[in-house]
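# Close look at the chain arrangement
Each chain, letter by letter, is given below.
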Amino acid sequence: MPERRREQDGAIAGTGMGGAMDLAASEATTLEGTPGSPGGAKDTGKPRSLWSDAWRDLRRNPVFLVSALVILFLVLISLWPSAIAPGSPLSCDLAKAQDGPGPGAPFGYDGQGCNVYTRTVYGARTSVTVGVCATLGVALLGSVLGALAGFFGGAWDSVLSRGTDIFFAIPVVLGGLVLLSVVTSNTVWPVIGFMVLLGWPQVCRIARGSVITVQQNDYVQAARALGASPSRILLRHIAPNAVAPVIVVSTIALGTYIALEATLSYLGVGLKPPSVSWGIDISAASPYVRNAPHALLWPAGALAVTVLAFIMLGDAVRDALDPKLR
């Protein structure tokens, strides 16, 4: 035993510090590539990245799978509502006002004799359109402004930071009541524009902080030392590594924008008839909720499920993209 111990010590001492570190690294690589290793990953010859690890975690997360299936169903019925909903959402018969479920109307009829099932299905198109377009606009505008502020700093950063403070001071619902009350258009674009106008400061601050954190890394400093242009550093080295927080916040905010559109439509300043919206249907069904509760419960339930699905999706994406939670 003493001789074997001396042989092992001599072998380690003979390799030097670098040899011992190389041996440890090779053993770690071997364990990682072994199918029976704790990670269970096979050696594919490609380095693992944050996005590949995140996708692997998302596929194993039941919360992500359930929310993704619900959102996929909403997208499909938004594109082809006539495939599952008979008739037109604007076709009403006052003789059937407040009637309960019946043939061709499993959700019953509202106070105007409209098919609640058909209007609920067609209302998904409005909600998904507003949510997706508002989220894309907010993410794009906020990311660009925040990245420029965090990368260049100076006076541009100071002016933009004070500008975001001003927008944060505006109450969202009160701002919608003031700004949208003068709009006469029945389309979704004024509502989307209002959401982008008041929603970009949050994403801007998150993008700014993420860019400031990422540009302190060694690979960014090495790119600067090699003479890379600011645009190349920002687009090739900083943006891909700083976009994860923006994606998480935007995914969660999408459900919030859908709820905000329904709130503004309920208050009468968002979408207006003859547009089809869950908020409009909830507002119209509120006065006679005791006589025909089905006219309110179904669009309200669809709205709640949609918002919950996007929030759950955002939470799953956040857990997958946050290295601290691994």
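Presented here is an overview of the structure given in this document. Everything quoted here is computed from the prediction, not taken from an experiment. (Residues numbered from 1 in each chain as written. Predicted model: local features only at pLDDT ≥ 70, side-chain atom pairs only at ≥ 80, totals over all residues. Heavy atoms only, no water.)

Within the protein, the secondary structure is distributed over 12 helices and zero strands. Ordered by position from the N terminus, the helices and strands of the protein form the series α-α-α-α-α-α-α-α-α-α-α-α. Expressed as a percentage of its 326 residues, the buried residues of the protein come to 39%. Considering only residue pairs separated by 6 or more positions, the protein has 69% of its internal contacts joining residues 24 or more positions apart. Only carbon and sulfur atoms are counted for the fraction: they give 66% of the accessible area of the protein, which is about 18100 Å². (Helix = DSSP H or I, 4+ residues; strand = E, 2+ residues; numbered from the N terminus. Buried < 20%, exposed > 50% of the residue type's maximum accessible area, 1.4 Å probe, protein only. Contact = heavy atoms within 4.5 Å. Areas by Shrake-Rupley, 256 points an atom, 1.4 Å probe, with all protein chains shown as cover.)

Residues Pro273 and Pro274 are joined by a peptide bond in cis, for which omega reads 10°. Here Pro274 is to be found in the loop between helix H10 (244-267) and helix H11 (278-285). With a phi close to 65°, Gln98 is a non-glycine residue in the positive phi region. Summarising the element assignment, Gln98 is placed in the loop between helix H3 (62-79) and helix H4 (116-152). With a relative accessible area of 31%, Gln98 lands in the partly exposed category.

A word on H11. Burial analysis of H11 places six of its eight residues in the buried class, which makes it a mostly covered element. Measuring from the backbone nitrogen of Gly279 back to the side-chain oxygen at the start of H11 gives 3.2 Å, which picks out Ser277 as the cap. (Polar contact = N/O pair within 3.5 Å; in protein donor to acceptor, adjacent residues only side chain to side chain.)

The final tally for this structure, using the stated rule, is five aromatic pairs. Measuring from ring centre to ring centre gives 6.4 Å for Trp55 and Phe64, while their planes differ by 90°; the resulting arrangement is edge-to-face. Using a relative accessible area of 12% as the deciding quantity, one classes Phe64 as buried. An aromatic cluster of three or more residues is present, and its members are Phe107, Tyr117 and Trp298. (Phe/Tyr/Trp six-rings, centres within 6.5 Å; stacked < 30°, edge-to-face > 60°.)

With that settled, consider the nonpolar core. By size, the foremost hydrophobic cluster in this structure holds 37 residues, and its most contacted members are Ile258, Leu303 and Leu321. Where this core is concerned, the elements lending two or more residues are helix H2 (50-59), H3, H4, H10, H11 and helix H12 (294-321). Per element, the largest residue contribution to this core is 12 residues, and it comes from H12. In this structure Ile258 touches Ser127, Gly131, Leu303, Thr306, Val307 and Phe310, once residues within four positions along its chain are discounted. With 21 residues, the next largest nonpolar core counts Val191, Ile192, Ala253 and Tyr257 among its residues. (Core = buried A, V, L, I, M, F, W, Y, C linked by side-chain atoms within 4.5 Å.)

One can describe the packing of H4 onto helix H5 (residues 154-168) by two numbers: an axis separation of 7 Å at closest approach and a directional angle of 135°. In terms of orientation, H4 lies oblique with respect to H5. Where H4 crosses over H5, the two elements pack in a sense that is left-handed. Across the interface between the two elements, Leu145, Gly146, Leu148, Ala149 and Phe152 of H4 pack against Gly154, Trp156, Asp157 and Leu160 of H5. (Axes fitted to C-alpha atoms, helices over the stretch in contact; angles between N-to-C directions. Parallel < 35°, antiparallel > 145°, perpendicular 65-115°, else oblique. Left-handed = near helix turned anticlockwise from the far one by under 90°.)

The next subject is the pattern of salt bridges. Oppositely charged side chains may form a pair once their charged atoms are brought near each other. Tallied over the full model, the rule gives six salt bridges. The salt bridge involving Arg205 is made with Asp165; its shortest N-O contact spans 2.0 Å. Here Arg205, found in helix H7 (residues 189-214), pairs with Asp165, found in helix H5; they are 40 residues apart in sequence, far enough to count as distant. A residue is classified by how much of its surface remains accessible, and Arg205, at 40% relative accessible area, is partly exposed. Residue Asp165 is classed as partly exposed on the basis of its relative accessible area, which comes to 30%. Among the ionic pairs, Arg318 bridges to Asp315, the shortest N-O distance being 3.8 Å. Of this pair, Arg318 and Asp315 both sit in helix H12, three residues apart, which is roughly one turn of the helix. Since its relative accessible area comes to 38%, Arg318 is described here as partly exposed. (Salt bridge = Lys/Arg side-chain N within 4 Å of Asp/Glu carboxyl O.)

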